[in-house]
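Listed here are the chains, written in short residue letters.
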Amino acid sequence: MMSTSFDEGEVERIPLCLRSEWSHAQPLPQDYGPNLVVSIAYRDEFRETMEYFHAIYAANEQSYPALEFTTEAIGMNPDNFLTSNFNPRQNLLFFSLPHMSSSSDEDEVERIPLCSRPEWSDVQPLPQDDGPNPVVSIAYRDEFRETMDYFRAIYAADERSCRALELTTEAIGMNPGNYTVWHFRRLVLESLNANLHEERDFVDRITFQNSKNYQIWHHRRWLAEKLGTEAANRELEFTKQVFALDAKNYHTWSHRQWVLESLGGWENELEFCCELLEDDVFNNSAWNQRYFVITRSPLLGGLQAMRDSEVRYTSKIILADPHNESPWRYLRGLYKGEIQMLISDNKVPELCLKVLEINKSNLFALSLLLDLLSRGHQPSDELRAIIGALRSSQDIAGTHGLAATLCLVLEAVDPMRSSYWAWRRTNLPTGVC
Amino acid sequence: MGELEGKKHVQYIVSVEKKKDSFEALVIEHLRLNGAYWGLTTLDLLNEIEAVKPDEIVQWIMQCQDIGSGGFGGNVGHDPHLLYTLSAVQVLALLNRLDVLDIDKVSDYVAGLQNEDGSFSGDMWGEVDTRFSYIAICCLSLLGQLSKINVESTVNYIVSCKNLDGGFGSIPGGESHAGQIFCCVGTLAITGSLHHVDRDLLGWWLCERQCKDGGLNGRPEKLADVCYSWWVLSSLVMIDRVHWIDKEKLTRFILNCQDKENGGISDRPDNAVDVYHTYFGVAGLSLLEYPGIKSIDPAYALPVDVVNRIFFSK
């Protein structure tokens, strides 16, 4: 269930009630009170996780198991790129968090209903109009319903006041995916000529709880544009903090790239990529960023200038773990537009052969060798010998060229993609070894 | 292999709005139009579009239109955005009610969101993403109004988002991601520009998304998720490389993501279901030619008979 960067399938989750390190804890079920407006269907695992969380939070247990536990609780939010504002589980987690105040700086303040607040007494809240025959009838939790009713009133009246701003804060806190609320908030901020540094502080806090929400990142960008180049460092620093929680967050990477191109700050970017890859060499986003930096940074000289050092860097990493898909693609990308260089540079086939010494049927090495041969690379004796050995070990009968043999080997060691390898074999250019 | 629980999924979709205790309804209020598209397209693919009353839906959709701009919001009273405008057009196409639209007005809204560099913004606030290029092209194509935009610069912008691995990101330099790839390939397919795609290179990247459990992920070293059964698969179909994945294993993965008791499909086996993943699971099975499911068009993401009705019955 944890979306960490395993290169195999996920590790099977052991229920908390069976884990010895949690035997001392008595899980606390969520207390919805006597008049349950909303009964929530939690998946059992998620429910259990949150019940344990309630217990450790109530006991204020600050231990290493508790820390690891929060990692697991956070990890139960599967990375769901395109449904960030939809995934009910993510929002369940979010709805739970304010009650636990796990990451907010202020104390949990009991919410006073809007209808009881004197400063709102003049407003007639507007209920959602679903029409006489609602296609979809909606059950709202009372608080949420009330907040949105008041929001609709303010929105319809186009009231751009301080209390309107505070109301959007509350509405966003309850459902940060509601883009209309964000839109209106921007209008209010502009009309009030509000302090954008304070706004950024607010967005910082919200982002950590909703790092896969399109609206929040877009709002961040809007803010950064207004604040100008002085915002660059702060934005880069902020994205770094988000990466500490989720180093592959697509929104965060897009934002960081936008900051670099629009506001600058390239000086330490390559070093940053190195750090991230040291943390997790399987992080494809970091590899992508590395390519972004070496090709676009105004401070580095471009792909041509960087190629040799990057080939050395990447080769070392490949040898350390040849099962990692990303550096292989990166290596290939370093020779973009330079096929002649690729097939005549001995470094690349030598690397593949070294990998095959450690790992006889490494897909990526075999595939890259196939690519080289397909493009006219003249094989060394050593390469011929290795392919000969592979042919024997896979019991491949008949006479085939080197490239065709590689295709047959790949069909055998990567059966899931056997159609692809079979196709490669029938589409080898003529005259290929 | 398990079976597709078609009837259960229909029941699930039809009942989802009736669930009084559903957080799902609570949090998706602002994107209900997307939800309508996912739910109704699934019903149509399962040959059960009769389960809903079209007039009420059409009435509600038109209430979602912003009179000033011509664009559609996610629900009544919400601001217009490209995302919901496409869903509105797609649902009306499904229900064969495109006649209710002021085509010029909607098209002008979409066309007005094109930027100098050929990209599209999602709404007046200016967020740019190749998702919006796809949405604009798909929408205008269904309405027969591609002439309102600069198609050449649209294509050029997409090409500028092509990466070294043959894939596409959300912006130039953005990491290749299956969702973005679908949007870019879809845009190129609809505009007759697929020659810009290196089909073999991209085809290989896409078929590498298949994990040991048979499911598809969206980028290297990530977990499989049912929604990629659509994003990856439709892309493969559009570039004619779908035979490069193991279809049987993928079918099994999707079927294992069903809730066989209550209906619906989730992102991975044994997780909570939602309408979004139900749609993508069924759409993926359609592309895999699972029996009993209508064929879906990989570029327009609508049943083929709906697309044919629009383009061939003039």
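If you're wondering where the values come from, they're calculated on a predicted model, not measured in any experiment. (Residues numbered from 1 in each chain as written. Chains lettered and ligands numbered in written order. Predicted model: local features only at pLDDT ≥ 70, side-chain atom pairs only at ≥ 80, totals over all residues. Heavy atoms only, no water.)

**Q** Looking at this model, I keep getting lost on the overall build of chain A. Mind explaining?
**A** When helices and strands are counted, chain A shows 20 helices and zero strands. The buried share of chain A, reckoned over its 433 residues, is 53%. Taking contacts inside chain A between residues at least 6 apart in sequence as the whole, the part at least 24 apart equals 66%. Taken as a whole, chain A presents about 19,900 Å² of accessible surface, with 51% of it coming from carbon and sulfur. (Helix = DSSP H or I, 4+ residues; strand = E, 2+ residues; numbered from the N terminus. Buried < 20%, exposed > 50% of the residue type's maximum accessible area, 1.4 Å probe, protein only. Contact = heavy atoms within 4.5 Å. Areas by Shrake-Rupley, 256 points an atom, 1.4 Å probe, with all protein chains shown as cover.)

**Q** Even after reading the chapter, I still don't get the overall build of chain B, so can you show me in this structure?
**A** Scanning chain B from N- to C-terminus turns up 14 helices and two strands. Against the globule reference of 20 Å for 314 residues, chain B gives a C-alpha radius of gyration of 19 Å, in line with a compact fold. Seen along its three principal axes, the alpha-carbon backbone of chain B occupies a region of about 50 × 45 × 35 Å. Among the 314 residues that make up chain B, the fraction classed as buried is 69%. Nonlocal contacts in chain B, meaning residues at least 24 apart in sequence, comprise 67% of its contacts between residues at least 6 apart. Element-wise, carbon and sulfur atoms account for 50% of the exposed surface of chain B, whose accessible area totals about 10,100 Å². With 26 positive and 42 negative side-chain charges, chain B shows a separation of 4 Å between the mean positions of the two kinds. (Rg over C-alpha atoms; globule rule 2.2 N^0.38 Å. Lys, Arg positive; Asp, Glu negative; His and termini not counted. Charge placed at Lys NZ, Arg CZ, Asp CG, Glu CD.)

**Q** Looking at this model, I keep getting lost on the confidence of the model for chain A. Mind explaining?
**A** Residues and elements named next belong to chain A. Across chain A, the average pLDDT comes to 78, with 70% of residues at 70 or higher. Of the regions scoring below 50 in pLDDT, residues 1–10 engages in 26 contacts with residues more than four places distant in sequence or in other chains. Within the model, pLDDT remains below 50 along residues 130–140, and this stretch shows 22 contacts once partners closer than five positions in the same chain are excluded. (pLDDT = per-residue confidence, 0-100.)

**Q** Can you help me understand the pattern of salt bridges in this one?
**A** A side chain of one charge can pair with a side chain of the opposite charge when the charged atoms of the two come close. For the structure shown, the criterion picks out 38 salt bridges over all chains. Put simply, Glu411 of chain A and Arg425 of chain A hold a salt bridge, and the shortest N to O gap is 3.4 Å. Taken together, the residues Glu411 of chain A in helix α19 (residues 402–413) and Arg425 of chain A in helix α20 (residues 418–426) connect sequence positions 14 residues apart. A salt bridge links Lys294 of chain B to Asp44 of chain B; the shortest N-O distance between them is 2.7 Å. Placement of the pair is Lys294 of chain B in the loop between α13 (275–287) and α14 (304–312) and Asp44 of chain B in helix α3 (residues 32–45), with a sequence separation of 250 residues. As far as burial versus exposure is concerned, Lys294 of chain B and Asp44 of chain B are alike and both buried. Salt bridges here are not isolated pairs; linked through shared partners, they connect Glu325, Arg329, Asp414 and Arg417 of chain A together with Glu208 and Arg209 of chain B. (Salt bridge = Lys/Arg side-chain N within 4 Å of Asp/Glu carboxyl O.)

**Q** Is there a simple way to explain the packing of aromatic side chains in this structure?
**A** Note on aromatic pairs: each is described by the distance of the centres and the angle between the planes. Enumeration according to the criterion identifies 31 aromatic pairs over all chains in this entry. The interplanar angle of 45° and the centroid separation of 5.3 Å between the aromatic rings of Tyr300 of chain B and Phe311 of chain B together place this pair among those described as tilted. Within this pair, whereas Tyr300 of chain B is found in the loop between α13 and α14, its partner Phe311 of chain B is found in helix α14, the two being separated by eleven residues in sequence. For Phe311 of chain B, a relative accessible area of 31% gives the class partly exposed. Each member of the aromatic cluster is reached from another via a ring pair, and the members are Tyr37, Trp38, Tyr134, Phe182, Trp230, Trp231, Tyr276, Tyr279 and Phe280 of chain B. It is Arg186 of chain A that lies over the ring of Trp125 of chain B; its NZ or CZ is 4.4 Å from the centre. Stacked on the ring of Trp205 of chain B, the Lys or Arg Arg209 of chain B has its end atom at 4.2 Å from the ring centre. (Phe/Tyr/Trp six-rings, centres within 6.5 Å; stacked < 30°, edge-to-face > 60°. Lys NZ or Arg CZ within 6 Å of the ring centre and 35° of its normal.)

**Q** Can you help me understand the side chain of Ser229 of chain B in this one?
**A** Residue and element names in this part refer to chain B. By secondary structure assignment, the location of Ser229 is in helix α11 (residues 228–238). On the basis of relative accessible area, Ser229 is assigned to the buried category, the value being 0%. Ignoring sequence-local partners within four residues, the contact set of Ser229 consists of Leu216, Leu250, Ile254, Phe280 and Gly284.

**Q** How should the confidence of the model for chain B be read in this particular structure?
**A** For chain B, per-residue confidence averages 93 on the pLDDT scale, and 96% of positions sit at 70 or higher. Interface confidence in the predicted complex, given as ipTM, is 0.87; pTM for the same model is 0.79.

**Q** It is not clear to me how the packing of helix α16 (residues 347–358) of chain A against helix α18 (residues 381–393) of chain A should be interpreted in this structure. Could you clarify?
**A** The description of two helices packed together rests on the angle between their axes and the distance between the axes. Residue and element names in this part refer to chain A. Interaxial distance between α16 and α18 falls to 11 Å at its minimum, and their mutual angle equals 35°. Here the hand of the crossing between α16 and α18 comes out left-handed. In this structure, α16 contributes Leu353, Leu356 and Glu357 to the contact, and α18 contributes Glu382, Leu383 and Ile386. Its residues placed into classes, the contact of α16 with α18 shows four nonpolar, no polar and two charged. (Axes fitted to C-alpha atoms, helices over the stretch in contact; angles between N-to-C directions. Left-handed = near helix turned anticlockwise from the far one by under 90°. Nonpolar A, V, L, I, M, F, W, Y, C, P; charged D, E, K, R; others polar.)

**Q** Just checking my understanding: could you explain the nonpolar core for this structure?
**A** One recurring pattern in soluble globular proteins: nonpolar side chains tend to sit buried together. Ranked by internal contacts, the top residues of the largest apolar core, which has 169 residues, are Leu40, Ile61, Tyr134, Phe168, Trp230 and Trp231 of chain B. With ten residues, the single largest contributor to this core is helix α7 (residues 130–143) of chain B. Met174, Leu189, Leu196 and Ile206 of chain A belong to the second largest nonpolar core, which has 40 residues in total. (Core = buried A, V, L, I, M, F, W, Y, C linked by side-chain atoms within 4.5 Å.)

**Q** Can you walk me through the state of the cysteines in this structure?
**A** Here a disulfide denotes a covalent bond joining the sulfur atom of one cysteine to the sulfur atom of another. All names here are of chain B. One pass over the full model with this rule turns up zero disulfides over all chains. The closest cysteine sulfur to the non-disulfide-bonded Cys184 is located on Cys161, 5.7 Å from its own sulfur. Using a relative accessible area of 0% as the deciding quantity, one classes Cys184 as buried. (Disulfide = S-S within 2.5 Å.)

**Q** I tried to follow the side chain of Gln90 of chain B on my own but got confused; where do I start?
**A** Looking at the element boundaries, Gln90 of chain B is found in helix α5 (residues 82–94). In this structure Gln90 of chain B touches Tyr37, Cys138, Leu142, Tyr300, Ala301 and Leu302 of chain B, once residues within four positions along its chain are discounted.

**Q** Is there a simple way to explain the packing of α19 of chain A against α20 of chain A in this structure?
**A** Residues and elements named next belong to chain A. At their nearest, the axes of α19 and α20 sit 8 Å apart, and the two run at 170° to each other. Considering their axes alone, α19 and α20 lie roughly antiparallel with respect to each other. Of the residues in α20, those in contact with Ala404, Cys407, Leu408, Leu410 and Glu411 of α19 are Ser418, Trp421, Ala422, Arg424 and Arg425. Here the contact of α19 with α20 is composed, by residue class, of six nonpolar, one polar and three charged. (Parallel < 35°, antiparallel > 145°, perpendicular 65-115°, else oblique.)

**Q** Any chance you could explain helix α9 (residues 178–190) of chain B here in plain terms?
**A** What sets the pattern is the α-helix's 3.6 residues per turn: residues three or four places apart point alike. The first and last C-alpha atoms of α9 of chain B sit 18 Å apart over 13 residues, in line with the 18 Å expected at 1.5 Å per residue. Burial analysis of α9 of chain B places twelve of its 13 residues in the buried class, the great majority of the element. Regarding α9 of chain B, the residues found buried are Ala178, Gly179, Gln180, Ile181, Phe182, Cys183, Cys184, Val185, Gly186, Thr187, Leu188 and Ile190 of chain B. Among the structural elements, α10 (250–263) of chain A together with α7, α8 (151–160), α10 (199–207) and α11 of chain B are those in contact with the buried residues of α9 of chain B. (Expected span 1.5 Å × (residues − 1).)

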